[in-house]
Amino acid sequence: MSAPDRSLESSDVRPAPFRGPEVVRLLVGTRRDWYAAALRTLLEPEGFVLEVVSDDAALLQAGSEWRPSLVLLDYELAGIATRRMCRELYRGALPWSVPVVVSSAGPLEESRKAEVFEGGAWLVLTEPLFFSSLLAQLRKLAEVGFVAETAAPTTDLGRIGLPGLDESWRSFGILASLAERRGEALTCIVAGPTTPAVGDTLARQRRVTADVCARSLRSSDAYAWTGSEEGDVVILAYGASPEGATAMMQRLNRVASDLAELAEEPRLLSAGIREILPAGPEAGRPAVHEAADRIRSDGLAAAHAALRLARRAGGGVRIAGTS
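Residues numbered from 1 in each chain as written. Predicted model: local features only at pLDDT ≥ 70, side-chain atom pairs only at ≥ 80, totals over all residues. Heavy atoms only, no water.

Draft legend 1. View of the packing of aromatic side chains. Counting across every chain of the model gives two aromatic pairs. On the basis of an interplanar angle of 90 degrees and a centroid distance of 6.3 Å, the ring pair of Trp34 and Tyr35 is categorised as edge-to-face. The residue whose ring lies beneath Arg32 is Tyr35, and the NZ or CZ to ring-centre distance is 4.6 Å. The lysine or arginine in question, Arg206, covers the ring of Trp225, its NZ or CZ lying 4.3 Å from the ring centre. (Phe/Tyr/Trp six-rings, centres within 6.5 Å; stacked < 30°, edge-to-face > 60°. Lys NZ or Arg CZ within 6 Å of the ring centre and 35° of its normal.)

Structural data, given as structure tokens:
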């Protein structure tokens, strides 16, 4: 945003029907008073309630106590420490179902943008922001977070922190339907230890897999144990292409390598990937309500088969249908 009268331009375009929370509670972290005022003027009539804070400590406190639906973090508030700020929000104040959006007054270098995503941000916006686009994106994220929170299956700690596949089909179906309605990409990933062990070592691998998923996956990504003897996990990645899913696996392995007990294993996890929905309305997307059936019928099996091929090749990530 270069000036108040040029930012957040209004539009006559109306958003799609909203299926998120009745009131979207938006926590804004910024020191720019005019920016906060513009957001209030334009978003509050659309059903948003805003809480604005201007320092790190207040942001963490409000995130914990005010229970926001979304967080909009001005990059200027934390600068190069934005990645740390995002991590602290999720570690001490927010559940993973609350999206954090970072806005920047100008384009960020790719390395800075990557750091922000590694910190847990769901989206990075570059100013100037246009009202119709901003409203649509915030509504969409609020809806995804709301679905993730309300549809999340009950965790069984006896199974090391992740639900089983049988109890996760409902949340998988909701996420698939949401992707169909919104024209978002959807990808099925089956991930597990590159070299599955047995006994106590396999139990340790399963604990690490569960820990890595909890640390690094968004609440918009549904996941569950597959029930296989190898301790594999199925991940339904919302808004992710096969290439995006590959990048996700690289991030999971970086997190795994940070665990001291596994420092000697540079590539702990391998994965098979199967695209369920491409992004956009173009040809090739299945008819509405078919995505969940595609996961059950061949998506999960194809991803699992690709994982087996990756393991035979010594580990890594393989996309189903590629050589």
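Draft legend 2. Region of interest: the sheet that holds strand β5 (residues 123-126). With respect to topology, five strands assemble into an open sheet ordered β2-β1-β3-β4-β5, the strand pairing being parallel. Looking at which strands have only one partner, the edges of the open sheet turn out to be β2 (48-53) and β5. Taking the axes of each pair of neighbouring strands and ignoring which way they run, one obtains an average angle of 20 degrees across the sheet. With four bridges connecting them, strand β1 (residues 24-29) and strand β3 (residues 70-74) associate as parallel partners. Among the inter-strand pairings, Gly29 is bridged to a residue of β3, identified as Leu73. Across the face of the sheet, helix α4 (residues 82-92) comes into contact with β3 and β4 (100-104) while running at roughly 160 degrees to β4. (Pairing = 2+ DSSP bridges. Helix = DSSP H or I, 4+ residues; strand = E, 2+ residues; numbered from the N terminus. Axes fitted to C-alpha atoms, helices over the stretch in contact; angles between N-to-C directions. Contact = heavy atoms within 4.5 Å.)

Draft legend 3. Main features of the pattern of salt bridges. Tallied over the full model, the rule gives twelve salt bridges. One salt bridge in this structure joins Glu44 and Arg40, with 3.1 Å as the shortest N-O distance. Classification of Glu44 as partly exposed rests on a relative accessible area of 36%. Put simply, Arg139 and Glu46 hold a salt bridge, and the shortest N to O gap is 3.7 Å. Taken together, the residues Arg139 in helix α6 (residues 131-151) and Glu46 in the loop between α1 (33-43) and β2 connect sequence positions 93 residues apart. Across this residue pair, the class does not change: Arg139 and Glu46 are buried. Taken together, the shared-partner salt bridges in this structure form one network comprising Arg32, Asp74, Glu76 and Glu127. (Salt bridge = Lys/Arg side-chain N within 4 Å of Asp/Glu carboxyl O. Buried < 20%, exposed > 50% of the residue type's maximum accessible area, 1.4 Å probe, protein only.)

Draft legend 4. Spotlight on the side chain of Thr82. Position of Thr82 relative to the elements: it lies in helix α4. On the accessibility criterion, Thr82 (0% relative accessible area) is buried. A polar atom in the side chain of Thr82 sits 2.6 Å from the backbone oxygen of Gly79. What Thr82 contacts, discounting residues up to four positions off in sequence, is Leu73, Tyr75, Val102 and Val116. (Polar contact = N/O pair within 3.5 Å; in protein donor to acceptor, adjacent residues only side chain to side chain.)

Draft legend 5. The arrangement of helix α7 (residues 169-182) in detail. Taking 1.5 Å of rise per residue, the 14 residues of α7 would be expected to cover 20 Å, and the 20 Å separating its terminal C-alpha atoms lies within 8% of that figure. Burial in α7 covers these residues: Trp169, Ser171, Phe172, Gly173, Leu175, Ala176, Leu178, Ala179 and Glu180. The first or second residue beyond α7 is Gly183, which carries a positive phi of 70 degrees. (Expected span 1.5 Å × (residues − 1).)

Draft legend 6. A look at helix α8 (residues 199-216). Taking 1.5 Å of rise per residue, the 18 residues of α8 would be expected to cover 26 Å, and the 26 Å separating its terminal C-alpha atoms lies within 8% of that figure. When α8 is considered as a whole, its buried residues turn out to be Leu202, Arg204, Gln205, Val208, Thr209, Ala210, Val212, Cys213 and Ser216. Lining the buried residues of α8 we find β6 (186-193), β7 (222-225), β8 (233-238), α9 (242-257) and β9 (269-277).

Draft legend 7. Inspection of the nonpolar core at higher detail. The biggest cluster of nonpolar side chains holds 67 residues, and the ones touching the most others in it are Leu26, Leu43, Phe48 and Leu59. If one sorts the elements of this core by residue count, α6 sits on top with seven residues. Not counting chain neighbours up to four residues away, the residues in contact with Phe48 comprise Val24, Leu26, Leu43, Leu70, Leu135, Leu138 and Arg139. Judged by nonpolar contacts, the second largest core, of 23 residues, contains Trp225, Val233, Met249 and Leu268. (Core = buried A, V, L, I, M, F, W, Y, C linked by side-chain atoms within 4.5 Å.)

Draft legend 8. Inspection of the environment of Thr187 at higher detail. You can see Thr187 is positioned in strand β6. Given the relative accessible area of 0%, Thr187 is considered buried. Here the alpha-carbon distance between Thr187 and Ile235, two residues 48 residues apart in the chain, equals 8.1 Å. If we ignore the near neighbours within four places in the chain, the residues touching Thr187 are Ile235, Leu236, Ala237, Ala240, Ser241, Pro242, Ala245, Ile273, Arg274, Glu275 and Ile276. Engagement of the side chain of Thr187 in a polar contact is seen with the backbone oxygen of Ala240, the distance being 2.5 Å.

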